[in-house]
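# Geometric and topological summary
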Number of protein chains: 2
Amino acid sequence: MNQPVKRTGSTKERILGAAEALFAQRGFDGASLRQLTSAAGVNLAAVNYHFGSKEKLVEQVFRRRLDALNAQRLAALAKVAGQPGTRLEDVLDAFIRPALELSHEEEGSLFMRVLARAFAEHDDSLRKFLSENYGHVMRQFTAEFARLLPQLSKEELYWRIDLATGALTHAMSGFGMIQRKSDVSERVHREQTVQHLIRFAAAGLNAN
Amino acid sequence: MNQPVKRTGSTKERILGAAEALFAQRGFDGASLRQLTSAAGVNLAAVNYHFGSKEKLVEQVFRRRLDALNAQRLAALAKVAGQPGTRLEDVLDAFIRPALELSHEEEGSLFMRVLARAFAEHDDSLRKFLSENYGHVMRQFTAEFARLLPQLSKEELYWRIDLATGALTHAMSGFGMIQRKSDVSERVHREQTVQHLIRFAAAGLNAN
DNA sequence: GAAGGATTCAAACGATCGTTTGAGCATACG
DNA sequence: CGTATGCTCAAACGATCGTTTGAATCCTTC
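Residues numbered from 1 in each chain as written. Chains lettered and ligands numbered in written order. Predicted model: local features only at pLDDT ≥ 70, side-chain atom pairs only at ≥ 80, totals over all residues. Heavy atoms only, no water.

## Some details on the protein's contact with DNA strand C
The local shell around DNA strand C holds 15 residues, among which Arg34 and Lys54 of chain A together with Thr11, Tyr49 and His50 of chain B are the closest. At a separation of 2.8 Å, a phosphate oxygen of DNA strand C approaches a polar side-chain atom of Tyr49 of chain B. The biggest single contributor to the surface near DNA strand C is helix H3 (residues 45-51) of chain B, with three residues. Its residues assigned to classes, the surface near DNA strand C shows six nonpolar, six polar and three charged. (Near = heavy atom within 4 Å. Polar contact = N/O pair within 3.5 Å; in protein donor to acceptor, adjacent residues only side chain to side chain. Helix = DSSP H or I, 4+ residues; strand = E, 2+ residues; numbered from the N terminus. Nonpolar A, V, L, I, M, F, W, Y, C, P; charged D, E, K, R; others polar.)

Right under this line is the structure:
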């Protein structure tokens with residue numbers, strides 16, 4: 001089922017929107033520039049004019065979402081970090097909720113699938129781009145997890161964070177067996193997802 | 001870094017081995033039949049002769065590993081299912097260990113990446129194939145989890161199993177931040193992975 | 001050796017791909 | 001109006017793709 005692509009806005013924005021939708025559905029290789037430009041209602045050469053290459057377009061698709069997402073994550077983390085009453089669940093909430101809100105937004109709903117594909121594809125240049133531009137966010141969350149879980153060795157901590165983020169990526173990508181029920185609103189489904197994820201991840205991180 | 005591909009064995013086996021390696025590295029679309037047949041040392045037309053099409057080749061790559069993997073899973077489950085002393089960790093072990101052993105075998109080491117890609121790609125025909133041929137295994141494990149976690153609603157149970165399998169897929173795909181240290185043997189690393197996974201998943205499944 | 005079936009081979013097909021190119025159009029400014 | 005800049009367009013390029021084809025080779029059996 002094809003996600004409808006907005007045909008208003010600047011050419012550049014239309015391309016980014018179509019790219020996001022088609023990359024989510026078909027992957028980076030699977031979505032051709034002809035499909036994408038057709039969906040956006042622009043000419044094929046517009047991609048190279050505005051973005052230089054398909055590869056650069058892929059990076060811009062990420063940049064336009066991750067800049068805002070990670071800013072929100074860091075802002076939420078700043079509210080709870082280092083506080084004496086902070087619980088693990090609060091830090092997890094700061095990490096998970098911005099992503100879930102993005103994931104369930106009308107226009108951002110496919111982005112987490114794009115992100116999941118980025119991880120699954122093991123594309124070295126893409127991972128380098130993500131690591132260089134957003135790795136500092138993960139390091140800040142890791143430091144706060146370490147503060148709240150002093151009983152864990154560094155190695156155990158990394159293991160658990162890795163598994164928790166794996167579960168998070170999986171949940172957000174929409175690939176699992178959980179689908180929103182038709183009698184449940186988008187907002188309620190998102191809240192349920194947040195709670196399930198936080199409960200699962202907090203227990204897993206705290207396991208002894 | 002390219003995984004070396006065996007050049008002995010029947011043409012068919014060589015193609016399957018090369019396919020597994022290149023699908024893991026480049027994805028289903030990203031790995032062309034020319035790359036694959038070149039790596040296997042066979043002629044391009046051999047794929048269509050032996051498998052009919054690239055799509056059918058993909059299915060056979062899965063079938064040759066999943067038949068054995070799921071048989072092992074069911075055998076391990078049969079040893080613990082329904083027993084009065086069975087713990088959650090035992091069922092998780094039955095689910096996880098065969099996959100980890102496959103994941104760390106010399107020849108099967110890339111298969112879990114192939115499987116992770118299958119999930120990430122959200123390819124409907126592939127998911128249908130996996131669901132039709134191997135869905136019964138998951139249902140049997142779910143029934144045993146339900147027996148051991150009677151306090152959970154059906155919905156909560158599905159949520160947690162989904163998250164746990166997401167974490168498992170992530171760990172086995174080798175995409176996360178955890179790499180084997182050079183002073184740790186393959187066998188020890190595998191055992192560590194099993195233990196980390198079981199501890200994390202059991203705690204997450206049991207969360208209250 | 002001959003026959004039949006299985007397998008391999010190189011060439012070719014039609015299709016698709018990302019990128020490039022130069023002409024044409026639109027807008028803003030003097 | 002002329003000029004400069006930005007943007008759009010269709011055609012073309014070189015490359016790659018999965019699939020097909022018919023000839024050649026290999027293997028087995030009689």
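The rest of the description comes next.
## Let's talk about the relation of the copies chain A and chain B
Superposing chain A onto chain B takes a rotation of 180° combined with a translation of 0.0 Å along the rotation axis, leaving an RMSD of 0.0 Å. Taken together, the turn and the small shift mark the pair as related by a two-fold rotation axis. Looking at chain A, 100% of its interface residues are interface residues in chain B too, so the copies touch through the same face. (Least-squares fit on C-alpha atoms with pLDDT ≥ 70 in both. Contact = heavy atoms within 4.5 Å.)

## A look at helix H4 (residues 54-80) of chain A
All names here are of chain A. Compared with an ideal rise of 1.5 Å per residue, which puts 27 residues at 39 Å, H4 spans 40 Å between its outermost C-alpha atoms and is within 8% of the ideal. A bend of about 30° at Leu66 is the largest found in H4. Residues of H4 that are buried include every one of Leu57, Val58, Glu59, Val61, Phe62, Arg65, Leu66, Leu69, Asn70, Arg73, Leu77 and Val80, and no others. Residue Gly82 follows H4 closely and has a positive phi angle near 70°. (Expected span 1.5 Å × (residues − 1). Bend = angle between axes of the 7 residues up to and from the residue. Buried < 20%, exposed > 50% of the residue type's maximum accessible area, 1.4 Å probe, protein only.)

## Thoughts on the packing of aromatic side chains
Taken as a whole and judged by the stated rule, the model has eleven aromatic pairs over all chains. Between Phe129 of chain B and Tyr134 of chain B, the ring centres sit 6.3 Å apart and the planes meet at 85°, which makes this aromatic pair edge-to-face. With respect to burial, Phe129 of chain B and Tyr134 of chain B carry one shared label: buried. Three or more aromatic residues link up through ring pairs in this structure, and these residues are Phe23, Phe28, Phe62 and Phe111 of chain A. Directly above the aromatic system of Phe51 of chain A lies the positively charged group of Lys12 of chain A, at a separation of 5.9 Å from the ring centroid. The cationic tip of Arg73 of chain A hangs over the ring face of Phe95 of chain A; the distance from NZ or CZ to the ring centre is 3.8 Å. (Phe/Tyr/Trp six-rings, centres within 6.5 Å; stacked < 30°, edge-to-face > 60°. Lys NZ or Arg CZ within 6 Å of the ring centre and 35° of its normal.)

## What about a negative patch on the surface?
Side chains of Asp29, Glu55, Asp123 and Asp124 of chain A together with Asp29, Glu55, Asp123 and Asp124 of chain B sit close together on the surface and give a patch of like negative charge. In this fold, Asp124 of chain B is placed in helix H7 (residues 124-148). (Patch = residues over 30% accessible without salt bridge, like charges linked within 9 Å, V, L, I, M, F, W, Y side chains within 5 Å. Areas by Shrake-Rupley, 256 points an atom, 1.4 Å probe, with all protein chains shown as cover. Salt bridge = Lys/Arg side-chain N within 4 Å of Asp/Glu carboxyl O. Lys, Arg positive; Asp, Glu negative; His and termini not counted. Charge placed at Lys NZ, Arg CZ, Asp CG, Glu CD.)

## Side note on the pattern of salt bridges
Residues and elements named next belong to chain B. Per the counting criterion, the structure on display carries 22 salt bridges over all chains. Arg87 serves as the salt-bridge partner of Glu89, at 3.9 Å between the closest nitrogen and oxygen. Residue Glu89 is classed as partly exposed on the basis of its relative accessible area of 30%. The exposure class of Arg87 is partly exposed, given its relative accessible area of 47%. Close ionic contact of Arg160 with Glu156 constitutes a salt bridge, the shortest N to O distance being 2.9 Å. Here Arg160 pairs with Glu156, and both are found in helix H8 (residues 154-173), just four residues apart, close to one helical turn. The residues Arg160 and Glu156 share a single accessibility class, namely buried.

## Description of the domain arrangement of chain A
Assigned domains of chain A: these are domain 1 (1-52) and domain 2 (62-205). Computed over C-alpha atoms only, the centres of domain 1 of chain A and domain 2 of chain A are separated by 27 Å. (Domains from an automatic or database assignment.)

## Description of the interface of chain A and chain B
Many analyses report the size of an interface as the accessible area lost when the parts associate. Taken residue by residue, the interface counts 43 residues in chain A and 44 residues in chain B. Taking both partners together, chain A and chain B bury about 3900 Å²; carbon and sulfur atoms supply 65% of that area. Taken as a group, Trp159, Leu163 and Phe200 of chain A account for 20% of the area that chain A buries against chain B, more than any other trio of residues on that side. The interface formed by chain A and chain B includes two salt bridges. Between Glu156 of chain A and Arg199 of chain B there is a salt bridge, with its nearest N and O atoms 3.4 Å apart. (Buried area = accessible area lost by both parts, 1.4 Å probe.)

## Quick notes on the protein's contact with DNA strand D
Not every one of the 15 residues close to DNA strand D is listed here, only the nearest: Thr11, Tyr49 and His50 of chain A together with Arg34 and Lys54 of chain B. A share of 54% of the atoms of DNA strand D within 4 Å of the protein falls on sugar and phosphate groups. Between DNA strand D and the protein, one listed contact pairs a phosphate oxygen with a side-chain N or O atom of Tyr49 of chain A at 2.9 Å. Between DNA strand D and Arg34 of chain B there is a distance of 2.8 Å, counted from a base nitrogen to a side-chain nitrogen or oxygen. Mapped by element, the contributors of at least two residues to the surface near DNA strand D are helix H3 (45-51) of chain A together with helix H2 (33-40) and H3 of chain B.

## Details of the side chain of Glu144 of chain A
For Glu144 of chain A, the location among the structural elements is in helix H7 (residues 124-148). Of note is the side chain of Glu144 of chain A, whose polar atom sits 2.8 Å from the side chain of Arg147 of chain A.

## Brief notes about the environment of Val114 of chain B
Residues and elements named next belong to chain B. The topology assignment puts Val114 in helix H6 (residues 111-121). Looking at Val114, the relative accessible area reads 0%, which means it is buried. Considering only alpha carbons, one finds Val114 and Gln25, 89 residues apart in sequence, at a separation of 8.3 Å. Ignoring any residue separated from it by four or fewer positions in sequence, one finds Val114 in contact with Glu20, Phe23, Ala24, Phe28, Val61 and Phe62.

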